[in-house]
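# Results of the structural survey
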Amino acid sequence: MKNWKRIFSGAVALVSVLGIASCGNSGSDSKNESSSYVDKVNVADTDDISGIVQNIEPIPDGADGELKWLSYFDINPTRKAPEKRTDLTLFEGKGGSIKYEQVSSVEKYEQLAARLMANDPPDMFWYEQKMTFPANCIKEMFQPIDDIIDFDTPLWSGVKNTADQFTLNGNHYVAPVKFVSNSVLTYDKDMISAAGLEDPYDLYMDGDWDWDTWYDMMDEYCKGASADEERYGVNGWFAPFIFQSTGKTLIQYDAEKDEYVSNLNDADFTRAADLLYNIKKNNMYYPDWVGQSRDAFKKNILFYAMGPWASIESHTPKEGDNWGVVPIPKDPNADGLYTTVEINAYMWVKGSEKKDAMRCWSECARIVNVQDEYIQTEKDKFFENNPYWTEEMYDMAYNEVTSDKYTQLIDPGYGISTTLSDDDAATNDTKEAVIPYLYTSVMKEDENGAQYTWTQLREAYSTTVESELKTFNEAYHKFIGK
């Protein structure tokens, strides 16, 4: 998938009425095992925080309530999105305001670094899966948030387990305000029925939605094409999540060594790569960019894998459409359900002294995602804008993979170094850094049209991965004073 489309999906997830997997663990006492994630994500019971908005303290008189927001998208109302967001309304009612300082998505870190060098820091910056943590935290672009957020309070306790994975020297750097599905499979139920296939939603609800049933369904659908018809099983963004459904990521944090290590030789990744390889080899994969579900179905693509943004608002189903949504299928050999999710969070920039305003904004941004009245309001708005979605679709797209049924993985490989993690700096044909490239490339071909194997990819990039990890670990240990 094209890099700018990935960036766009993250922005849309935030600025839509319901508003992209986090990137890394860090070395601190909070880590107690060797893994890419350690616990499940649970949202605090909203009964415990009913009315807590009255407990959000206003910004004190005399304190600067204006937050400089360096980003490529605006929190304030715009011509394209004129409706004021609920979190902003709350914040302004507490004496705050957001000053948008625009920067391109490609140059955001360079501009932030330049501002820091000039002693002119903005206050707030958008958390992104790639490079924000730990890479740009150990470069001291951001500061800890423990002075403004107490993860033991009801408002924040539901994200504490995740926040604990974003620590350096015991200090938290990321406070998730919301979790969003990175990718789901959208499909046309009428296409499924016409092909004589079982509804994937029913398979999921029965616990039978795994790699094998998914592959067999696509295989049967493609083989059922008439002589003059082209059919495909899947298009979109799904390959990384197949790897991660094993419960592992390509880079992981090793607590005993207190460093990040390669996981490329894990046998489960060979199985995941084989599945993806065969989907491509057997012509089930449609490789070109398709921007919305409807266009995929018109091309006889059975499953469209993308974030929910690609099936809402201007991409939403029309009257008479009969769509369904299911999560990425599980690994049949795994001991549970695993996925990565997009984390919505706001980084506190190094040098910003607006403690009161950052505290207030963080609380306003969080509460609209956990208090019942706001959740229902946002859901009502969603169905006003997307009247032909069903409750079933909504639950699968927005609630299921962020529920405690799933163990949420944090993938350190997206936040290690420019070479490993930063697509914006990539110079290869697909504009992918090494880790994103490895996740998808058994579905790519070389210049001679030969499909890459996992063995070839692993051998080609293992030295680079080890070298980049060595350099990063040295910088990481220096940062924590080890």
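Residues numbered from 1 in each chain as written. Predicted model: local features only at pLDDT ≥ 70, side-chain atom pairs only at ≥ 80, totals over all residues. Heavy atoms only, no water.

## Considerations on the overall build of the protein
The helix and strand inventory of the protein stands at 18 helices and 16 strands. Across the 482 residues in the protein, those meeting the buried criterion constitute 59%. Accessible surface, the protein as shown: approximately 19,900 Å² in total, 44% of it carbon and sulfur. (Helix = DSSP H or I, 4+ residues; strand = E, 2+ residues; numbered from the N terminus. Buried < 20%, exposed > 50% of the residue type's maximum accessible area, 1.4 Å probe, protein only. Areas by Shrake-Rupley, 256 points an atom, 1.4 Å probe, with all protein chains shown as cover.)

## What to know about the environment of Cys360
Secondary-structure assignment places Cys360 in helix α13 (residues 355-367). Classification of Cys360 by relative accessible area gives buried; the value is 0%. Sequence separation between Cys360 and Leu90 is 270 residues; the distance between their C-alpha atoms is 9.3 Å.

## Some details on the sheet that holds strand β2 (residues 97-102)
Pairing in this open sheet of four strands is mixed, and the strands run β2-β1-β3-β15 from one edge to the other. In this open sheet, the two edge strands, each paired with only one partner strand, are β2 and β15 (346-348). Each adjacent strand pair in this sheet contributes to an overall mean axis angle of 35 degrees, direction not counted. For strand β1 (residues 66-71) and strand β3 (residues 124-126), the ladder comprises two bridges, and the chain directions are parallel. Within β3, the residue paired with Trp69 across the bridge is Met124. Where helix α3 (residues 108-117) meets the sheet, its contacts fall on β1, β2 and β3, and the angle it forms with β1 comes to roughly 135 degrees. Taken strand by strand, α13 contacts β1, β2, β3 and β15, and its axis lies near 165 degrees from that of β15. (Pairing = 2+ DSSP bridges. Axes fitted to C-alpha atoms, helices over the stretch in contact; angles between N-to-C directions. Contact = heavy atoms within 4.5 Å.)

## Section: helix α15 (residues 391-400)
Turning to α15, its buried residues number three or more, namely Met393, Tyr394, Met396, Ala397, Tyr398 and Glu400. Looking at the buried residues of α15, the elements they touch are β6 (178-181), β7 (184-188), α8 (200-205), β12 (323-327), α14 (372-385) and β16 (406-408).

## Quick notes on the packing of aromatic side chains
Aromatic ring pairs are defined here through the distance separating the ring centres and the angle between the ring planes. Counted by the stated rule, this structure contains 37 aromatic pairs. Arranged with centres 5.4 Å apart and planes meeting at 65 degrees, the rings of Tyr253 and Tyr260 form a pair that is edge-to-face. Across the pair, exposure class does not vary: Tyr253 and Tyr260 are buried alike. Taken together, the aromatic side chains of Trp69, Tyr72, Phe73, Phe91, Trp126, Tyr346 and Trp361 make up a single cluster linked through ring pairs. (Phe/Tyr/Trp six-rings, centres within 6.5 Å; stacked < 30°, edge-to-face > 60°.)

## A short note on helix α18 (residues 454-479)
Taking 1.5 Å per residue as the helical rise, α18 with its 26 residues ought to reach 38 Å, and the 35 Å between its terminal C-alpha atoms agrees with that figure. Most pronounced at Tyr461, the bend in α18 amounts to some 45 degrees. For α18, the full list of buried residues reads Trp454, Leu457, Arg458, Val465, Glu468, Leu469, Phe472, Asn473, Tyr476 and His477. Positive backbone phi, approximately 75 degrees, marks Gly481, located one or two places after α18. (Expected span 1.5 Å × (residues − 1). Bend = angle between axes of the 7 residues up to and from the residue.)

## Things to note about a negative patch on the surface
A contiguous patch of negative charge on the surface is contributed by Glu198, Asp202, Asp206 and Asp208. Overall, Glu198 belongs to the partly exposed group, its relative accessible area being 45%. (Patch = residues over 30% accessible without salt bridge, like charges linked within 9 Å, V, L, I, M, F, W, Y side chains within 5 Å. Salt bridge = Lys/Arg side-chain N within 4 Å of Asp/Glu carboxyl O. Lys, Arg positive; Asp, Glu negative; His and termini not counted. Charge placed at Lys NZ, Arg CZ, Asp CG, Glu CD.)

## Some thoughts on the pairing of β2
Sheet topology places β1 next to β2; six bridges connect them, and they run parallel. Residue Leu70 lies in a different strand from β2, and its bridge partner there is Glu101.

## Observations regarding the confidence of the model for the protein
Averaged over all residues, the pLDDT of the protein equals 89, while 89% of them reach at least 70. When the criterion is pLDDT under 50, residues 1-54 qualifies, and its contacts beyond four places in sequence or with other chains add up to 203 contacts. (pLDDT = per-residue confidence, 0-100.)

## Describing the side chain of Glu432
Its place among the elements puts Glu432 in the loop between α16 (418-421) and α17 (434-440). With relative accessibility at 6%, the residue Glu432 sits in the buried group. A polar side-chain atom of Glu432 sits 2.8 Å from a polar atom in the side chain of Thr430. Polar contacts involving the side chain of Glu432 include one to the side chain of Thr440, which spans 3.3 Å. (Polar contact = N/O pair within 3.5 Å; in protein donor to acceptor, adjacent residues only side chain to side chain.)

## Some points on the packing of helix α2 (residues 86-93) against α13
Look at α2 against α13: their axes get within 8 Å of each other, and the N-to-C directions meet at 145 degrees. As for the relative orientation of α2 and α13, their crossing is right-handed in sense. Two secondary-structure elements touch here, α2 through Asp87, Leu88, Leu90 and Phe91 and α13 through Ala357, Cys360, Trp361, Cys364, Ala365 and Ile367. Among the residues making up the contact of α2 with α13, the classes are represented as nine nonpolar, no polar and one charged. (Left-handed = near helix turned anticlockwise from the far one by under 90°. Nonpolar A, V, L, I, M, F, W, Y, C, P; charged D, E, K, R; others polar.)

## Describing the sheet that holds β7
With mixed pairing, the four strands of this open sheet are ordered in space as β8-β11-β7-β12. Whereas interior strands pair on both sides, the edge strands pair on one side only; in this sheet they are β8 (232-236) and β12. In this sheet, neighbouring strand axes are inclined to one another by 25 degrees on average, regardless of whether the strands run parallel or antiparallel. One ladder, built from five bridges, connects β7 with β12; its direction is antiparallel. Each bridged residue has a counterpart across the sheet, and for Val184 the counterpart in β12 is Pro327. Helix-sheet contacts for helix α9 (residues 211-223) involve β7, β8 and β11 (301-306), and the interaxial angle to β11 is about 140 degrees. Of the strands in this sheet, β7 and β12 touch α15, which is tilted by about 30 degrees from β12.

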